[in-house]
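Fold and geometry: a report
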Amino acid sequence: MPALQSNPGDNARAGSFDAVVVGAGFAGMYMLYRLRGLGFSVRVYEHGDDVGGTWYWNRYPGARCDVESMQYSYSFSDELQQEWDWSERYAPQPEILKYANHVADRFDLRRDIQFSTRVESAVFDERANRWSVTTSDGHTVTAQFVILATGCLSNARMPDIKGLSGFKGKVYHTGHWPHEPVDFTGQRVGVIGTGSSGIQSVPVIAEQADHLTVFQRTANFSIPARNLPLTDEERQAFRQNYREIRRFAREEARNGIYTDMPDRGALDDGGNERRERYEARWSRGGLTFMSVYNNLALDKAANDTAADFVRQKIAEIVEDPETARLLQPTSHPIGTKRICIDSDYYAAFNRPNVTLVDIKANPIEEIVPTGVRAGDKLYEVDALVLATGFDAMTGSVAKIDITGRQARTLNQKWAEGPRTYLGLMSNGFPNLFLITGPGSPSVLSNMIVSIEQHVDWIAHCAAYMREHGCETMEANRDAEDTWVAHVNDVAHGTLYPQANSWYMGANIPGKPRIFMPYIGGVGQYRQICNDVAAKGYEGFTMTAAERSKKAAVS
Ligand code: NA7
């Protein structure tokens, strides 16, 4: 093991590791498991005081997975997938967190995780070819590899609304929900934001609150989840076929979800047939609504047929025609913002205690101590729920002060938008890996499928380096430029860039508008990554211990 620790225990005690992993969500936990299995010494730092990542923080009412739980689960251990019982088609957040805890215990992960600790900086030492990692407890450790398992939707965004700090009631952000129960009984509650988090929480808060006012800036498309308890037969059917289900999700599905693949475009069918197909998907519920045809993300006329269908459904569900009109999305093609999956969202607006306020037409002017003023009207509320989203994909990385070669920081390099090769590494930052980074399918896929693929690839790569006596690995500039151009070209061949979405960074004022995830599909992307590895990590430069030292000196 030329460049790595020969005795993990002693070196780890001395603050020197083979790898530092940032984050103990699903990505960080599996990365630890894989590296430890290969004999590397690993320290994981986690800001929260327990495992779970996004599922640790997003505890808002109604929070649940939008990918079916039998598929939104690890596949790396057959024992694990055979023994764990999911209770519902879409598990609620507490159950997903329980699963994360189960995994941590079952694989004895906690002993290498330091909780309640934020990684503040990582500096690459070009002479030693190691990273120095400084944490919020004031300690610095060194590592050959730093692996960012920081999550794509982890940096909750507080909106910049005048007067917010002067509000006299409680303010909650969905992405930073308190650990103790929140009871809205008898209260007037305001929800700002109607993305997935707002759409999931509104029906649940409406049941509790005295009155709920929903402040909507952009109407979103939402498909019913049709959530139900899972039966033993359903669980068994998955378990018996897991091998094929997982293979299909990894290799063939574009989005990492096992489902039937569309074989036709929306305009290949006549109106009646098309409607029947949409009806069938609407009744089935869930994200696969968008897989009914193969051209909904590509062809605006095709997309319009699906969008019209959903708008019609909204009009059928919502009794007040003006409220229905406001809830019908018109600003973007369906699916170009992450489609939402709900349980009775639209029907919640038929309740007498729920009001919809159109803050596109009447923007919020300010928050006053007793409520929200919009369009010259004061909406009095006792509590405010901010479902205003995240600085997605790059936000959590940007919070760490990362300095690579020639004292250049990652934030400087990414000032005009993130640049990576395969979403895995960025030129100038040797041995720094991203899990589900920008430039990879990440948020356009079943995250667990993409996490497992990246973790496996990184683990193989670290083992390969050890075997070949390599000390550093770095993405080549030209490979990175080619990949960034490819990611951009693929995105611009679709309708996605037409939406002001967080995929584009459009929800953060001043953030560069770049389409961040890779739309090529998880199967194709996996093939590309495998080919790169098979060709001796084509597009990367690996440097043996001696050569890399000479390069640093010259
Ligand atoms: P999203 O999808 O980013 O939604 C945020 C919502 O908050 C969206 O409706 C925004 O309107 C609204 N928003 C943001 N800032 C403001 C201000 N300042 N004033 C009014 N309204 C605002 O975040 P979520 O947490 O719902 O979901 C994120 C992902 O998590 C989701 O896609 C799933 O993958 C899981 P806008 O559309 O910008 O007009």
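It should be emphasised that the depicted structure is a prediction, and the values quoted were computed from it without experimental measurement. (Residues numbered from 1 in each chain as written. Predicted model: local features only at pLDDT ≥ 70, side-chain atom pairs only at ≥ 80, totals over all residues. Heavy atoms only, no water.)

Glancing now at the sheet that holds strand β12 (residues 354–358). Read from one edge of the open sheet, five strands run β7-β16-β8-β9-β12, paired in parallel fashion. The two strands at the open ends of the sheet, each matched to only one other strand, are β7 (170–173) and β12. Geometrically, the sheet is characterised by an average inter-axis angle of 20° between neighbouring strands, direction not taken into account. Across four bridges, strand β8 (residues 188–192) lies against strand β16 (residues 383–386) in parallel orientation. In the strand pairing of β16, Ile-192 is matched with Leu-386. (Pairing = 2+ DSSP bridges. Helix = DSSP H or I, 4+ residues; strand = E, 2+ residues; numbered from the N terminus. Axes fitted to C-alpha atoms, helices over the stretch in contact; angles between N-to-C directions.)

Moving on to the confidence of the model for the protein chain. This prediction gives the protein chain a mean pLDDT of 95; 96% of its residues lie at or above 70. Counting interchain partners and residues more than four positions distant, the pLDDT-below-50 stretch residues 1–7 has 19 contacts. (pLDDT = per-residue confidence, 0-100. Contact = heavy atoms within 4.5 Å.)

A few words now on the side chain of Thr-420. Relative to the assigned elements, Thr-420 resides in the loop between α14 (410–413) and β18 (432–434). Within the local environment of Thr-420, its side chain forms a polar contact with the backbone nitrogen of Gly-423, the two atoms lying 2.9 Å apart. At a separation of 2.8 Å, a polar atom in the side chain of Thr-420 contacts the main-chain carbonyl oxygen of Pro-438. Those residues within four positions of Thr-420 in sequence are excluded, and the remaining contacts are Trp-414, Met-425, Ser-426, Leu-434, Pro-438, Gly-439, Glu-480, Trp-483 and Val-484. (Polar contact = N/O pair within 3.5 Å; in protein donor to acceptor, adjacent residues only side chain to side chain.)

Our next topic: the pairing of strand β2 (residues 42–45). Bridge count for strand β1 (residues 16–22) against β2 is four bridges, and the pairing is parallel. Bridging across to β2, Val-20 finds its partner in Arg-43. The parallel pair β1 and β2 is bridged by helix α2 (residues 26–37), and the resulting crossover is right-handed. In the sheet, β2 pairs with strand β3 (residues 113–114) via two bridges, with the strands oriented parallel. Looking at the pairing, Val-44 lines up with Ile-113 of β3. (Right-handed = clockwise from strand over helix to strand, strands pointing away.)

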